[in-house]
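# Per-entry structural report
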Amino acid sequence: MCNGYIFHRISSENTKLLIVQDIKKTEAGELFMAFHVMLVPTLGCPSDCKYCWSSEEGSPVMGVDIIKETVEWLKNFREEPVTFTFHGGEPLLAGYDFFLEALPLLANELSHLKPAFALQTNLWNMTPELARLFKEYNIPLGSSLDGPEELNDLQRGKGYYQRTMKGYEIAREEDLQVSFISTFTSYSIQYKEDIFNFFLENGLNLKLHPALPSLRDENPEKWALFPEEYGELLIYLLDQYLEHMDEIELKNIDHLCKCVFIRRGVVCTFVDCMGDTFAVGPDGSIYPCYRFVGMPEYVMGNVQDHPSMDDLAQSDAWKLLHDFKDYVDTECKKCSYIKFCRGGCPYNALSINEKTGKAEINGVDPHCTAYKMIFKEITKRATKEMLGSGMGMIPGVSDNNPQTKRGIMSIMLKQS
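Residues numbered from 1 in each chain as written. Predicted model: local features only at pLDDT ≥ 70, side-chain atom pairs only at ≥ 80, totals over all residues. Heavy atoms only, no water.

### Focus on the overall build of the protein chain
Where we set the bar: Under the DSSP-based scheme used, a helix requires at least four consecutive residues in state H or I and a strand at least two consecutive residues in state E, with every element numbered from the N terminus. Note on contacts: a residue pair qualifies if any of its non-hydrogen atoms lie within 4.5 Å across the two residues. Only the protein chains shown count as cover for residues, with accessible areas throughout obtained via the Shrake-Rupley method and a probe of 1.4 Å.
Looking only at helices and strands, one finds 15 helices and 11 strands in the protein chain. The contacts of the protein chain with a sequence gap of at least 6 include a subset with a gap of at least 24, amounting to 70%. For the protein chain, the exposed surface amounts to about 19100 Å²; the carbon and sulfur share of it is 48%.

### Description of the sheet that holds strand β5 (residues 178-184)
Quick reminder of the rule: In this description, strands pair whenever DSSP reports at least two bridges between them.
Strand order across the open sheet formed by 9 strands is β6-β5-β4-β3-β2-β1-β7-β8-β9, with mixed pairing between neighbours. On the outer flanks of this sheet lie β6 (206-210) and β9 (301-302), each paired with one strand and no other. Looking at chain direction, strand β1 (residues 35-39) and strand β2 (residues 82-86) are connected through 5 bridges and run parallel. If you follow L39 over to β2, its bridge partner there is F86.

### Comments concerning the confidence of the model for the protein chain
Selection criterion: Each residue carries a pLDDT score, the predictor's own confidence in it, on a scale running from 0 to 100.
When pLDDT is averaged along the protein chain, the result is 87, and 85% of the positions lie at 70 or above. Here residues 1-32 scores under 50 on pLDDT; set against residues more than four positions off or in separate chains, the count is 62 contacts.

### A few points about the pattern of salt bridges
Quick note on the threshold: We define a salt bridge as a side-chain nitrogen of Lys or Arg found within 4 Å of a carboxyl oxygen belonging to Asp or Glu. A simple rule labels every residue: compare its accessible area, found with a 1.4 Å probe on the protein chains alone, to the largest value its type can have, and call it buried under 20%, exposed over 50%, or partly exposed in between.
Counted under the stated rule, the structure contains 19 salt bridges. Put simply, E80 and R78 hold a salt bridge, and the shortest N to O gap is 3.0 Å. Given a relative accessible area of 36%, E80 falls into the partly exposed group. A relative accessible area of 12% means that R78 is categorised as buried. As a salt-bridge pair, D329 and K325 come within 3.4 Å of each other at their nearest N and O atoms. Note that D329 and K325 are positioned in helix α12 (residues 316-331) at a spacing of 4 residues, about one turn of the helix. Using a relative accessible area of 30% as the deciding quantity, one classes D329 as partly exposed. By relative accessible area, K325 is classed as partly exposed at 27%. Taken together, the salt bridges that share partners define one network made up of D239, E377, K380 and R381.

### As for the packing of aromatic side chains
Our working definition: Two rings from Phe, Tyr or Trp (for Trp, the six-membered ring) form a pair when their centres sit within 6.5 Å of each other. Planes less than 30 degrees apart are called stacked, planes more than 60 degrees apart edge-to-face, and all others tilted. Criterion for a charge above a ring: Lys NZ or Arg CZ within 6 Å of the ring centre, and within 35 degrees of the ring normal.
One pass over the full model with this rule turns up 23 aromatic pairs. One aromatic cluster is present, formed by F270, Y337, F340, Y371 and F375 through successive ring pairs. The ring centre of Y236 lies 5.3 Å from the NZ or CZ of K192, which sits over that ring.

### Structural notes on the environment of H36
How we decide: As used in this structure description, the phrase polar contact means that two N or O atoms lie within 3.5 Å; if the pair is within protein, one of them must be able to donate a hydrogen and the other to accept it, and residues adjacent in sequence are counted only when both atoms belong to side chains.
Of note, H36 is situated in strand β1. H36 sits in the buried class, given a relative accessible area of 19%. A sequence separation of 243 residues divides H36 from A279, and the C-alpha atoms of the two residues are 8.4 Å apart. A polar atom in the side chain of H36 sits 2.7 Å from the side chain of T85.

In structure tokens:
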């Protein structure tokens, strides 16, 4: 159930119970890939982030009729609980009236699926009315900041920081949970200490994204972060997190440590996501993920046709992503981390054949090197802690002395 060299060296019955309880909780929410539907009301966005691949000027805006068709599609599609994430572009461009009608439709008509909600937004269009509505449905918000104002606006456009923070204050006035994604680029990586300290000092939780080449960009490598730099960044943040766990939450480090401990991926990057994650575009087109929305060659079907899983499996996009799974099974079978990496994100792995103009699989996620670096570091530290602790306490779990440096197990056993 979990990696034996850790589990079998733990003798405390209380600790065993903690592990089992935590794994069961993860299984309910993260360990086994949850059913996830991303709703993309529009690809339009008022901001002008330099490295963005998901914004299109003049993009149509989803109408409530597409939400109604989505409800009809999902009523008998699957039986597992579903999470809906509103994404974009900028989903708040759909407006208050859209959400006022869409949320009760999804919540009430699909109540048998126990729907949960999330929303990713730059917060520019946040209003007190929207904040109260999102609070009613207990919707956590994700937003984006790349660090201090000057650095952030260099990458995301002048005035971005102030407009996002204004929306953040409105959301916090309604006690909404807000977390931030920080995109590290080939430029901002040199300021990693300043960026981490910005989030720490301002009491903001952090999830990081490495800037990646885009299938849509004519100059895809401009802002991309090299894999080795990303690996070094993850190790740096691991050290910072161990020192500041009581002051900040670093989602990436939580997930990576949990992956190693339970020997399974806990986020979509590290699992076989095909068939468990879908995205619905403004016109009702169904895609494998929000990252493909607006690209016709990746359309799998349309909610207005209420397709079955078998129908979607006939699409070229489905077959392409399953080719990635087969590639990983063959090419990565000797890798120590295959069970909880699964080759990384298939979107990241796609490359465009210059002759045919079509996407193809000829490798794994280009950040494979970074993943190996951090998985190796976590595994090494966990093994060292267990060998050093003998049959007694697990470092970082039972020691409440604030002067004692936490160990990697304190993250592995952290309640999700």
